[in-house]
Amino acid sequence: MINETIQALTIAGTDSGGGAGVMADIKTMQARYVFSAAVVVAVTAQNTIGVADFMAMPKQLIDEQFKAVADDLKIRAAKTGMLADVPTVKAVVENIKQYDLGPLTVDPVMIAKGGARLLSEDAIQTVKQELLPLATVLTPNLPEAAELTGMTIQSADDMLVASKQLQVLGAKNVLVKGGHGSSNNESADFVLLEDGNSFWLTSPRVETNRTHGTGDTLSSCITAELAKGQSVEEAIRIGKQYVSATISQGIQVGHGHGPLNHWARVEGENNDNKI
Ligand SMILES: Nc1ncnc2c1ncn2[C@@H]1O[C@H](COP(=O)(O)OP(=O)(O)OP(=O)(O)O)[C@@H](O)[C@H]1O
Ligand SMILES: Cc1ncc(CO)c(N)n1
């Protein structure tokens, strides 16, 4: 008998251009040696330049995908990404409550790098009230943290206050991503853990437009590491190291915000005998 392969689930939208959403999630989990299943809740027509169109899946098809996965696979951790609109958020929340999917990472995706809305404005409230309380780890970028808290977030102190507010709203552990920050030489993320401990994660800011799917990649890596049984702190630290490697070891695809290098290796990591 061989040991059961570690399995994780992404619940998100597809990206026809291959760089973000479900595609980035699967590539990331594969690179982290975790088997990835996917519940597709929306399909986008998208490339590195922008999102041309998208459609959310009907509730019945979302329910059936969750059931198909839960009936057969042993999911050890899950993440959510693009959730499109109110009915989709509600369907996802209902299914997450119904099945044992392990620790949940919520990436509250709202607006794509090109400016397209991937979550309707009225659904922000639904995410806040119904999905946030289910999050083991919440990973907003600066504009998302601002939307969810109603704060203006400009300084490091603002990130700290926002993370506390997000914990009050029900997220156990919060990672506020600084990719959209104004510092020119550092990309600094703030982490507030369930036990009240907090720390900064910094990496050199890479001068590049190849940053399509950074948030998806970070949250998927965290999910993969949680599936392996890593602590939340360790999963977040590895996530930051991996996403930094995928940005700094860039590849060239497309004409806009290029995708990341999911083949990138974290320096010093031994990847022998991972399966
Ligand atoms: N130019 C950069 N150089 C280094 N690290 C970066 C850069 N841009 C983003 N990051 C890092 O990537 C991670 C994701 O942050 P970011 O704020 O870009 O997420 P996001 O906006 O949700 O991404 P997306 O919407 O494209 O998926 C964070 O750890 C952030 O610090
Ligand atoms: C489908 C999808 N999910 C998430 C993002 C944000 O990176 C995107 N651009 N597209």
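Cut-offs applied
Residues numbered from 1 in each chain as written. Chains lettered and ligands numbered in written order. Predicted model: local features only at pLDDT ≥ 70, side-chain atom pairs only at ≥ 80, totals over all residues. Heavy atoms only, no water. Near = heavy atom within 4 Å. Polar contact = N/O pair within 3.5 Å; in protein donor to acceptor, adjacent residues only side chain to side chain. 1 Å grid on protein atoms, 1.4 Å probe; cavity = no way out; pocket = protein on both sides within 12 Å on 5 of 7 lines; lining within 4 Å. Sits in = over half its atoms within 2 Å of the grid points. Helix = DSSP H or I, 4+ residues; strand = E, 2+ residues; numbered from the N terminus. Nonpolar A, V, L, I, M, F, W, Y, C, P; charged D, E, K, R; others polar. pLDDT = per-residue confidence, 0-100. Points joined across faces, edges and corners; volume = space filled by probe spheres on them. Pairing = 2+ DSSP bridges. Contact = heavy atoms within 4.5 Å. Axes fitted to C-alpha atoms, helices over the stretch in contact; angles between N-to-C directions. Salt bridge = Lys/Arg side-chain N within 4 Å of Asp/Glu carboxyl O. Buried < 20%, exposed > 50% of the residue type's maximum accessible area, 1.4 Å probe, protein only. Parallel < 35°, antiparallel > 145°, perpendicular 65-115°, else oblique. Left-handed = near helix turned anticlockwise from the far one by under 90°. Areas by Shrake-Rupley, 256 points an atom, 1.4 Å probe, with all protein chains shown as cover.

The next subject is the site of ligand 1. By nearness alone, 20 residues border ligand 1, and K113, K177, H180, S187 and D189 come closest of all. G213 is positioned such that a nitrogen or oxygen atom in its backbone is 3.4 Å from an oxygen atom of ligand 1. At 2.9 Å, a side-chain N or O of T214 approaches an oxygen atom of ligand 1. Placement of ligand 1 is best described as lying within the largest pocket. Listed by contribution, the elements that provide at least two residues to the shell around ligand 1 are β8 (186-192), β9 (198-204), α7 (214-227) and α8 (232-248). Considering every element that reaches the shell around ligand 1, the biggest residue donor is α7, with 4 residues. Taken together, the residues of the shell around ligand 1 break down into 5 nonpolar, 9 polar and 6 charged.

Take the confidence of the model for the protein next. Residue-level pLDDT values for the protein average 96, and 99% of them are 70 or greater. β8 is the least confidently modelled element of the protein, averaging 94 in pLDDT, while strand β5 (residues 104-106) averages 99, the highest of any element. Complex prediction metrics read pTM 0.98 and ipTM 0.97.

Tallied over the entire structure, the rule returns 2 cavities of 30 Å³ or more. There is about 50 Å³ of room inside the largest cavity. Q46, N47, T48, I49, G50, V51, A112, K113, G114, H212 and H257 together form the lining of the largest cavity. Taken as a whole, the second largest cavity holds about 40 Å³ of empty space. Its residues placed into classes, the lining of the second largest cavity shows 7 nonpolar, 2 polar and 1 charged.

In this section: the sheet that holds strand β3 (residues 51-56). Hydrogen bonds between backbone groups are what pair the strands of a sheet, and the pairing can be parallel or antiparallel. With mixed pairing, 9 strands are arranged side by side in an open sheet as β3-β2-β1-β4-β5-β6-β7-β8-β9. In this open sheet, the two strands that pair with only one neighbour each are β3 and β9. Two elements, strand β2 (residues 35-46) and β3, share 5 bridges in a ladder whose sense is antiparallel. Within the sheet, the bridge partner assigned to V43 lies in β3 and is M55. The strands touched by helix α1 (residues 21-31) are β1 (7-15), β2 and β4 (75-80); relative to β1, the strand with the most contacts, the crossing angle is about 150 degrees. Along the sheet, helix α6 (residues 156-168) contacts β6 (137-138), β7 (173-176), β8 and β9; its crossing angle with β8, the most-contacted strand, is approximately 35 degrees.

Moving on, we get to the pattern of salt bridges. A full pass over the atoms with the stated rule returns 12 salt bridges. With a closest N to O distance of 2.7 Å, D63 and K59 form a salt bridge. Of this pair, D63 and K59 both sit in helix α2 (residues 59-72), 4 residues apart, which is roughly one turn of that helix. Residue D63 is classed as partly exposed on the basis of its relative accessible area of 22%.

For the rest of this paragraph, the subject is the packing of α1 against α7. Packing of α1 against α7 leaves a shortest axis separation of 8 Å and a crossing angle of 45 degrees. For the element pair α1 / α7, the angle class is oblique. Once α1 is placed against α7, the crossing between them reads as right-handed. In contact with G21, A24, D25, T28 and M29 of α1, α7 contributes D216, T217, S220, C221, T223 and A224. Partitioned by chemical class, the residues of the contact of α1 with α7 number 4 nonpolar, 5 polar and 2 charged.

A few words on the environment of G21. Within the secondary structure layout, G21 lies in helix α1. With 195 residues separating them in the primary sequence, G21 and D216 have C-alpha atoms 6.2 Å apart. Those residues within four positions of G21 in sequence are excluded, and the remaining contacts are G13 and D216.

A word on the site of ligand 2. Close to ligand 2 lie G13, T14, A20, G21, T44, Q46, M82, V109, A112, L118, H212 and D216, which account for all nearby residues. Here Q46 contributes a side-chain N or O atom positioned 2.8 Å from a nitrogen atom of ligand 2. Between an oxygen atom of ligand 2 and a side-chain N or O atom of D216, the distance comes to 2.8 Å. Protein coverage of the free-state accessible area of ligand 2, which is 290 Å², stands at 93%. With respect to the pocket detection grid, ligand 2 is positioned in the largest pocket. If you list the elements that add at least two residues to the shell around ligand 2, you get β1 and β2.

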